[in-house]
Amino acid sequence: MSTIDQSPIVATHVEDEAPLPQRRVNWLRIVRWAAVAIWAVVVVWRTVTDGFAFNRELLLVYICTGLVAASIGQGRRVFYVVRDWLPFALILIAYDLSRGAATLVGRPTLWHWQADMDRWMFFGTMPTVWLQERLKLPHPPWWEVVISSVYMSFFILPYVIAGILWLRNRDEWKAFVRLFVGLNLVALVIYALLPAAPPWAAARCTAADVAGGPSGPGCMYKSARGVPDGGVLGAMQATQDGANDWIERIVGRGWGKLNLHSASALLDQGQASVNLVAAIPSLHAGMSAALAVFLWHRVHRAWRPVLVAYPLIMAFTLVYTAEHYVIDLLLGWALAAVVITVLARWERRRRRLRDTQLMEPVGAS
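What you are looking at is a predicted structure, and each value in this text was computed from that prediction instead of being measured. For every chain, the first residue of the written sequence is number 1, and numbering continues from 1 along that sequence. Only residues with pLDDT of 70 or above have their local features reported here, since the model is predicted, and side-chain atom pairs are shown and tallied only from 80 upward, although totals for entire chains, interfaces and linings are computed over all residues. The basis for the side-chain values is all heavy atoms of the structure; hydrogens and waters are excluded.

Asks: Provide a residue-level description of the side chain of glutamate 144, including the pertinent values.
Replies: Secondary structure counts use DSSP, requiring at least four H or I residues in a row for a helix and at least two E residues in a row for a strand, with both numbered from the N terminus. Its location among the elements puts glutamate 144 in helix H7 (residues 142-153). Think of it in three bands: with a 1.4 Å probe and only protein chains considered, a residue is buried below 20% of the maximum accessible area for its type, exposed above 50%, and partly exposed in between. Residue glutamate 144 is classed as buried on the basis of its relative accessible area of 0%. The residues touching glutamate 144, leaving out its near neighbours within four places in the chain, are Ile250, Arg253, Gly254 and Tyr320. Contacts between residues were defined by any pair of non-hydrogen atoms, one from each residue, lying within 4.5 Å.

Dropping the structure here:
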C-alpha cells in the first residue's frame, strides 16, 4: 500500500523541531542510513535462513527495530517507538491469554448454534461442506496459494500499515491504532463471554462429544476421518477424485505448493497455542473489512477494487478452509461497522469541542 496519500508528516513532539548544527545533521543522516541498511541485511538474512516472518511477535520486532533505525537523527522520536507500539504488543498478549478466559469465566462453548444458523441461512446446506465437496482436490491448486496468503495477511498487513503511518503521518497513525485496538479489545471480550468452536472442530466431534459445551474436548485434536455423520458439522456427500471425503482444516495447504513448509508448520504451531474457540466474531473478517474502509479515502482510487476484493476473498477463504462459519463472518463485519461508527462519532465530537475552544475569545470567562 505504498500509494498512501502524500500528506505532510505531523511532528511527533515539539522538541523534535529544534534545529541542529548542519555537521551533526549530516553525521546523523549517515548513521541513520547505515542503521537502516544493517537492519535490512539482517531481516533479509533471517528470511533466507529461517523463512518469512509469519510469527506476529517476530514481525513486530522487525518493524520496531526498523522504525528505530529510520528515526535516528529525528530528535527524540527514536525513544517513543516502544511506547507507541506497546498497544500492539499488549493486544497479542491479551489474545494469547484469552485461551483460558472463557474457562475462568465459566461460559460453555457454542458448538451447535453457528452450524444451525448456517444451515438456516442456506436452506439446509452447510457452506463449508458444500465448498469442500466441489473444490477440494487431492493436491492444492494454484489458487490455494492465493487464499493461504490472504489468510496470513491478517497477521502481517495491519502492522505494516501501522509502520508506514507511524513514519509518515502521526494523526493517521493514531486513528489506525484506535481502530485496531478498539476492534481487537471488543472481540477479545466477546471471546471470553461467548466462546465458540469453528467448523473444523465441529467436523471432528459428535454431539455426544460436546455435550455440555466443553472448550477443549479430545476430539478437537484428532482427524475428522471416520467421525460418524461428519460430526456436528455434517458429512460430505461427494468428493473430487482422490480428495479426502471428510472436512479438513486446509488453510495452509497453498504454501506447500511454494515449498513454504516452514510457514505451514509455524501456522500449525501457532494454531495449537492460541484460543481455538475464538470464532465469534471472526476477527479475520472484521479486520479485513475495517482495513478496507480505513484505507478507502487514504489510497489512490486505483486501489479500491483491491480493497473491495480483499474482504471478499478473505470471507471465501475462511469458509472454504473450515476456519469460520458464514455467521461468524457476518458478525465480524457487524463488529467492524460498529467500532468504525463509534470512532467516527467520537472523532467528530472531539473536533467540534476543539473548534469551539479555539473560537472562544482569549480571557473569556
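Let us keep going from here.
Asks: Any chance you could break down the environment of asparagine 184 for me, citing the residues and the numbers?
Replies: Residue position: asparagine 184 is located in helix H9 (residues 170-193). For asparagine 184, a relative accessible area of 6% puts it in the buried group. Taking the C-alpha atoms as reference points, asparagine 184 and phenylalanine 88, separated by 96 residues in sequence, lie 9.9 Å from one another. Beyond its immediate stretch of four places on either side in the chain, asparagine 184 contacts Ile91, Leu283 and Met287.

Asks: Let's hear about a positive patch on the surface: which residues, and what values?
Replies: A cluster of basic side chains, namely Arg345, Arg348, Arg349 and Arg352, defines a positive patch on the protein surface. Secondary-structure assignment places arginine 345 in helix H15 (residues 326-359). Of the residues examined, arginine 345 reaches a relative accessible area of 56% and is grouped as exposed. Patch definition: residues above 30% relative accessible area lacking any salt bridge, with like charges linked at up to 9 Å and the nonpolar side chains Val, Leu, Ile, Met, Phe, Trp and Tyr linked at up to 5 Å. Accessible surface is estimated by sampling points in the Shrake-Rupley manner with a 1.4 Å probe; for residues, cover comes only from the protein chains shown. By definition, a salt bridge exists where a carboxyl oxygen of Asp or Glu is found within 4 Å of a side-chain nitrogen of Lys or Arg. The convention is simple: Lys and Arg are positive, Asp and Glu are negative, and His and the chain ends are not counted. A single reference atom marks each charge: NZ on Lys, CZ on Arg, CG on Asp, CD on Glu.

Asks: Outline a nonpolar patch on the surface, listing residues and values.
Replies: Where nonpolar side chains cluster on the molecular surface, the patch consists of Val105, Val189, Leu193 and Leu194 and spans about 320 Å² of accessible area. Turning to its location among the elements, valine 189 is positioned in helix H9. Here valine 189 falls in the partly exposed class, since its relative accessible area comes to 47%.

Asks: Can you lay out H15 for me, pointing to particular residues and giving the numbers?
Replies: To estimate the expected span of a helix, subtract one from its residue number and multiply by 1.5 Å. Over its 34 residues, H15 extends 50 Å from the first C-alpha to the last, a length consistent with the 50 Å expected when each residue adds 1.5 Å. Within the sequence span of H15, burial applies to Val326, Ile327, Asp328, Leu329, Gly332, Leu335, Ala336, Val339 and Glu347. In this structure, the buried side of H15 is in contact with helix H5 (113-121), helix H6 (127-135), H9, helix H13 (283-295) and helix H14 (304-320).

Asks: Can you explain the state of the cysteines? Please cite residues and give values.
Replies: Disulfides are defined in this document as cysteine sulfur pairs within 2.5 Å. Counted by the stated rule, this structure contains one disulfide. A disulfide bridge connects cysteine 205 with cysteine 219, and the sulfur atoms are separated by 2.0 Å. Between cysteine 205 and cysteine 219 the disulfide shows an S-S torsion of about 100°. By sign, it is right-handed. Residue cysteine 205 is located in the loop between helix H10 (199-202) and helix H11 (253-257), and its partner cysteine 219 is located in the loop between H10 and H11; the two are separated by 14 residues in the primary sequence. Residue classification places cysteine 205 among the buried residues on the basis of a relative accessible area of 0%. When its relative accessible area of 10% is taken as the criterion, cysteine 219 is described as buried.

Function-wise, these values are silent; they only describe arrangement.
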